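The chain contents come next:
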Amino acid sequence: MPPPDPVPAETDVAVIGGGVVGLFAALFLQRAGRSVAVLERAAIWSDASGANAGTIAVQNKRHEVVPLTRLAIRLWPTLKAEYGIDTAYSRPGGLRVAASETGVARLRRDAEKQAGAGLEIEWLEGNRLRDCAPWLGPSVRAATLCPEDGQASPLVTGIALSAALRQRGVALCTHAGVHQIARNGAQFVLDTPRGPLRAGAILIAAGVWSADVAALLGARLPLAVDVNMLSATEPAPALLDRVVTHADGVLSLKQYGNGTCLIGGGWQGQGDVSTGTRALDYENLLHNMRAAVSVVPGLAQVQLLRSWAGFEAVAPDSLPLFGCLPGLGEAYIVAGARGAYSQGPALGAEVARLMLAGETELDLTAFAPGRFAA
Amino acid sequence: MIGTNHSAATDGADADIAIVGAGPAGLACAAEAAALGLSSVLLDDNPRPGGQYLRHPAFATAPEDPLGADARRLASLLAVTALPQVSYRPGATVWDLPAPGVLAVAEGERSGRVRAHAIVLATGAYDRPAPFPGWTLPGVISAGAAQNLLKGMRILPGRRVVVAGNGPLLMLVAANLLACGVEVVAIAEAAPVSPRLWRALPLLLSQSDLLMQAARWRYAFWRAGVPFLQSWTIAHATGADRVDGAVLCPLNPDGTRDGARARSFACDSIIVGYGLLASVELLRLAKAALHWEPQRGGFVPVRDAAFRTTVPGVWAVGDGAGIGGARLAEAEGRIAAHAIATTRCHRGDQRRLSDLCARWGRIDQFRRGLEQLFAAPLPPHGPVGDETVICRCEEVTAGMLAAARDGGAESAVQVKAATRLGMGRCQGRNCLPSLSAMVAREQDASPGEVAWPMPRPPARMIPIGALLVESLPPPNLPADPHLPRKRAG
């Protein structure tokens, strides 16, 4: 077993947080010739990036982030060929379903906005809906089909991405939570339990801990913490062949090649970021399972194998905090987008571009982290 | 003295005590609680009471049935399920402890939550996985499974059988097989039992009838000409599509196999039993403090003299709290009931309690005697071979585990993530102990120091359909699904 990577004395860029955003940013920064060290408070991929549902969907996102999510959907399938990173990505297309009158109204409204943002969306109801997805339960009144929705395996991706980074010489420093940041001219000096590090630039991509890290620089970020529950079933016979999301926001559902169904949707468990503890909420778990069975009745016969809860940092408007922290030199942040796992490669690529060249492919100025300053 | 009017559990509780497991410990706890006037809910995931020890067929057996000796004990303990103070619920899987004093239960149309003032976990034990080349061949059967076949269904696991492992259960299985007319080809016991007998004898004499029984077994082995190989272990199983033989070899003093002195035995079945592991899944979920006692079933709960765990209101008794056998389990179940009665309504019977504690002490002496007798190196006894499957659900081999370690997986938790070991239907019960032993050996540490992956509910797989029946208040749905959620609790 190789020893954990030591914290180097000096690096071009220190990425704080070993999750999906931080690691993809590290990948693109390294490719541009920068030396990169990832400082992770616990183990790589151990929080939201490892605990999320792996939904790579665009039609369940707010229309403001459709371009960013589509950029990610362009990147996900290239990772294997370009970087040797296996993600188990597939694009079976997604159904966003609605079961109530308000849900149908929301679905219609969102579909119009998303079509306006350039997304291909097909409206399905009645026989066309049943033909497309005969496995849907009778409670589903309408759905939109988006061929760009897909899924990846967070488990597979985390392992492959870490291995690719190690191979490229990126230091993945675990158990190296940053507890102090000093500025020395243009440089940052970061203190970790495993030694100090001098960096020319820093990127905060620390999920729910991002606000704590930014506070070390005196920046205040209004991040809320969700505790999302997820459940995995035993390997089951084929039950569904699309990624399912819900217009009422109470369900995400998919089935992997081995038969495992993953059931989520943002039902809240209980947790405390300061202690890192999180637990299921019994009633919400039952509600989550009922929502799943009402959409895919065949799930009632399947065995539940395990359920867990993971933290997610969410900005007040659920849109990413993306960009330079004002007045702090080369300090950047990416955090706070709901469902950011979908956008991970794009957020990483875009922030790398921003740090390297001062510009991005998409116009992301609306996501400036200073937007909540009163 | 003993109360007759049982305290109807009030304030929304279903009973004074909720007992998980209707084996000897759980049945005895329910019996004693009933005698003390306490009501109990007795939840068990088997269709019939008795647990593993009192497992019995659903059909009537002939009087000359060779396994019929337990019938009398069966009758008295199993009668507990009919007591008015005991609500016996078979086919009920307890899958989580979602709040203090609450159990989540999957039992078909009755699924939901059971609330009680005290929870007694009497969850029993299961066979310690012991991988060796060929252990996944059809015909290799665990000692517990062989007992299930024999005791529960009267099915013979084979005609010519090799028995390999460690501990008293192994002798019992071999004796049962012999009694049922099976040819036992050889017994490989990992411990050097005979030379230790004299030192352990003073302790063992405390249960002289059990000692006599063991002597009768040894006599039966001798009469049948069964080689009882001590300090021997199994090296591998042979056979293409199913077992056709076993290779046994002596153990070196350092716990490795002495391959040079291996012997082959033709057989059609191999019974493997390297001891039992306590079923501590619910205790892990309840965040009870556990400590490492390899001879008592791996991780077992920290308990006080009345078998309270470190979780308020949660007791743990019987093999599920540390392997000690059926007699010890029964005594523990009764003592816990007294402790609960005292805390709950100051209604204990001090004389009865001190009698029970004295009985427990004598049985525990015997248990310690057995522990001395059967102390042996834990499997695996040497390399298991890269091709050998460690995790059967996800088909992860020893070689794949080694590759994950070489690839940078630092801990058992990361090896699990890298290989999917432990993520299948058995939820890690049959592979995590092997992984933790392997990681411990590499780090030159005790398996007790290897952190296990976080336990995740359900403690046992449950059908999702079981989560649909309980009536619940309407959910608190977000007005806008995009905005941050309001959290429960």
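Since the structure is predicted, the reported quantities are computational estimates derived from the model, not experimental observations.

Trainee: Help me understand the packing of aromatic side chains in this model?
Mentor: Any pair of aromatic rings gets described here by the distance separating the centres and the angle formed by the planes. Residue and element names in this part refer to chain A. Inspection of the entire model under this criterion finds 12 aromatic pairs over all chains. Judged by centre distance (5.9 Å) and plane angle (85°), the rings of Phe28 and Tyr83 are edge-to-face. A residue pair is termed long-range when its members are at least 10 positions apart, and Phe28 in helix α1 (residues 20-31) and Tyr83 in helix α4 (residues 79-83) qualify at 55 residues. When sorted by exposure, Phe28 lands in the same class as Tyr83, which is buried. Ring pairing ties together the aromatic residues Phe24, Trp45, Trp76, Tyr89 and Tyr341, which thus form one cluster. When the ring centre of Trp123 is taken as reference, the NZ or CZ atom of Arg108 above it lies at 4.1 Å.

Trainee: Got a minute to help me understand the interface of chain B and chain A in this structure?
Mentor: Interface size is commonly expressed as the accessible area that is lost once the parts come together. In this assembly, 47 residues from chain B lie in contact with 61 residues from chain A. Roughly 4,600 Å² is buried in total at the junction of chain B and chain A, and carbon and sulfur atoms are behind 58% of that figure. Counting every contact that joins chain B to chain A gives 2 salt bridges. Linking A:Glu283 and B:Arg113 is a salt bridge whose minimum nitrogen-to-oxygen distance equals 3.0 Å. The interface formed by chain B and chain A includes 18 residue pairs in polar contact (both at pLDDT 80 or more). When the residues that make up the side of chain B that touches chain A are grouped by side-chain class, the tally is 26 nonpolar, 9 polar and 12 charged. Sheet topology note: the strand β18 (residues 303-314) of chain A/strand β22 (residues 462-463) of chain B ladder contains 2 bridges and is antiparallel.

Trainee: Any chance you could explain the side chain of B:Thr93 here in plain terms?
Mentor: Residues and elements named next belong to chain B. By the secondary structure assignment, Thr93 is in strand β4 (residues 93-99). Residue classification places Thr93 among the buried residues on the basis of a relative accessible area of 15%. Residues in contact with Thr93, not counting those within four places in the same chain, are Asp45, Ala104, Val105, Ala106, Arg460 and Ile462.

Trainee: I keep staring at the sheet that holds strand β13 (residues 245-250) of chain B and nothing clicks. Help me out?
Mentor: Two orientations exist for strands paired in a sheet by backbone hydrogen bonds: parallel and antiparallel. All names here are of chain B. Read across the open sheet, the 3 strands follow the order β12-β13-β14; overall the sheet is antiparallel. Strands with a single pairing partner mark the edges of an open sheet, and in this sheet they are β12 (232-238) and β14 (263-266). Looking at each pair of strands side by side, their axes are set apart by 30° on average, direction ignored. Examined bridge by bridge, β12 and β13 share 6 bridges and lie antiparallel to one another. Along β13, the bridge assignment pairs Thr233 with Cys249.

Trainee: I would appreciate a short explanation of the pairing of strand β1 (residues 15-20) of chain B in the present structure.
Mentor: Side-chain positions along a regular strand alternate between the two faces of the sheet. All names here are of chain B. Along β1, 6 of the 6 residues are buried, which leaves the element largely enclosed by surrounding structure. Here 5 bridges tie β1 to strand β6 (residues 112-121), and the two strands are oriented parallel to one another. The partner of Ala15 across the bridge, within β6, is Ala116. For β1 and strand β2 (residues 40-43), the ladder comprises 4 bridges, and the chain directions are parallel. Bridge pairing in β2 links Ala18 to Val41. Where the polypeptide runs from β1 across helix α1 (residues 24-35) and back to β2, its parallel neighbour, the crossover connection is right-handed.

Trainee: How do you make sense of the pattern of salt bridges when you look at a structure like this?
Mentor: Pairing of side chains with opposite charge becomes possible as their charged atoms draw close. Residues and elements named next belong to chain A. The final tally for this structure, using the stated rule, is 34 salt bridges over all chains. The closest approach of N and O atoms between Glu361 and Arg74, which form a salt bridge, is 3.2 Å. Of this pair, Glu361 sits in the segment after α10 (340-357) while Arg74 is found in helix α3 (residues 66-75), placing the two residues 287 residues apart along the sequence. In this structure, Arg96 and Asp110 form a salt bridge, with 2.9 Å as the shortest nitrogen-oxygen distance. Pair noted here: Arg96 is in strand β4 (residues 94-98) and Asp110 is in helix α5 (residues 101-116), with a separation of 14 residues, a long-range link. You'll find Arg96 and Asp110 in the same group, each marked buried. In the salt-bridge network here, residues are joined through shared partners; they are Arg74, Glu350, Arg353 and Glu361.

Trainee: So what exactly am I meant to see when it comes to the pairing of strand β15 (residues 269-274) of chain B here?
Mentor: Residue and element names in this part refer to chain B. β15 sits mainly inside the fold: 6 of its 6 residues count as buried. By the alternation rule, side chains of β15 split into Ser269, Ile271 and Gly273 and Ile270, Val272 and Tyr274, which are all buried. Where strand β8 (residues 140-142) lies against β15, 3 bridges are found, and the strand directions are parallel. Note that in β15 the partner of Ser142 across the bridge is Val272. Of the pairings in the sheet, the one linking strand β9 (residues 160-166) to β15 comprises 6 bridges and is parallel in character. Looking across to β15, one finds that Val162 is bridged to Ile270.

Trainee: How should the packing of helix α8 (residues 325-345) of chain B against helix α9 (residues 350-374) of chain B be read in this particular structure?
Mentor: How two helices sit against one another is set out by the angle between their axes and by the gap between those axes. Residue and element names in this part refer to chain B. Where α8 meets α9, the closest approach of the two axes is 9 Å, and the angle between their N-to-C directions is 150°. Classed by the angle they form, the pair α8 and α9 counts as roughly antiparallel. Like other packed secondary-structure pairs, α8 and α9 cross with a definite hand, here left-handed. On α9, the residues that touch Arg327, Leu328, Ala331, Glu332, Arg334, Ile335 and His338 of α8 are Arg352, Leu353, Leu356, Cys357, Trp360, Ile363, Asp364 and Arg367. Each residue belonging to the contact of α8 with α9 can be placed in one class, and the counts come to 8 nonpolar, 1 polar and 6 charged.

Rules of the game
- By convention here, each chain's residues receive numbers from 1 onward along its written sequence.
- All chains are assigned letters beginning with A, and all ligands numbers beginning with 1, in the order in which they are written.
- In keeping with the model being predicted, local features are shown solely for residues with a pLDDT of at least 70 and side-chain atom pairs are shown and tallied solely at 80 or more, while totals for entire chains, interfaces and linings include all residues.
- Water and hydrogen atoms play no part in the side-chain values, which are based on all heavy atoms of the structure.
- Stacked, tilted and edge-to-face are the three classes assigned to paired rings of Phe, Tyr and Trp, where Trp is represented by its six-membered ring and a pair needs centres within 6.5 Å; plane angles under 30 degrees give stacked, over 60 edge-to-face, the rest tilted.
- Comment: elements are numbered from the N terminus, with helices defined as DSSP H or I runs of at least four residues and strands as E runs of at least two.
- Residue exposure (1.4 Å probe, protein chains only): buried if accessible area is under 20% of the type maximum, exposed if over 50%, otherwise partly exposed.
- The rule for a charge over a ring is simple: NZ of Lys or CZ of Arg within 6 Å of the ring centre, and within 35 degrees of the ring normal.
- The contact rule is simple, with two residues in contact once any of their heavy atoms fall within 4.5 Å.
- Accessible area that two parts lose when put together, evaluated with a 1.4 Å probe and summed over both, is termed the buried area.
- What makes a salt bridge here is a side-chain nitrogen of Lys or Arg within 4 Å of a carboxyl oxygen of Asp or Glu, nothing more.
- For this analysis, a polar contact is any N or O atom pair within 3.5 Å, provided that within protein one partner can donate a hydrogen and the other can accept it, and provided that sequence-adjacent residues contribute only side-chain to side-chain pairs.
- Nonpolar residues are Ala, Val, Leu, Ile, Met, Phe, Trp, Tyr, Cys and Pro. Charged residues are Asp, Glu, Lys and Arg, and all others, Gly as well, are polar.
- Two strands make a pair as long as DSSP finds a minimum of two bridges between them.
- The angle between two axes is taken between their N-to-C directions and runs from 0 to 180 degrees, where each axis is a line fitted to C-alpha atoms and a helix contributes only its stretch in contact.
- By the criterion used throughout, a crossover qualifies as right-handed when its path from the first strand across the helix to the second strand runs clockwise, the strands pointing away from the viewer.
- Any angle between 65 and 115 degrees counts as roughly perpendicular, while under 35 counts as roughly parallel, over 145 as roughly antiparallel, and the rest as oblique.
- In this scheme, a crossing is called left-handed if the near helix is turned counterclockwise away from the far one by less than a right angle; it is called right-handed if the turn is clockwise.

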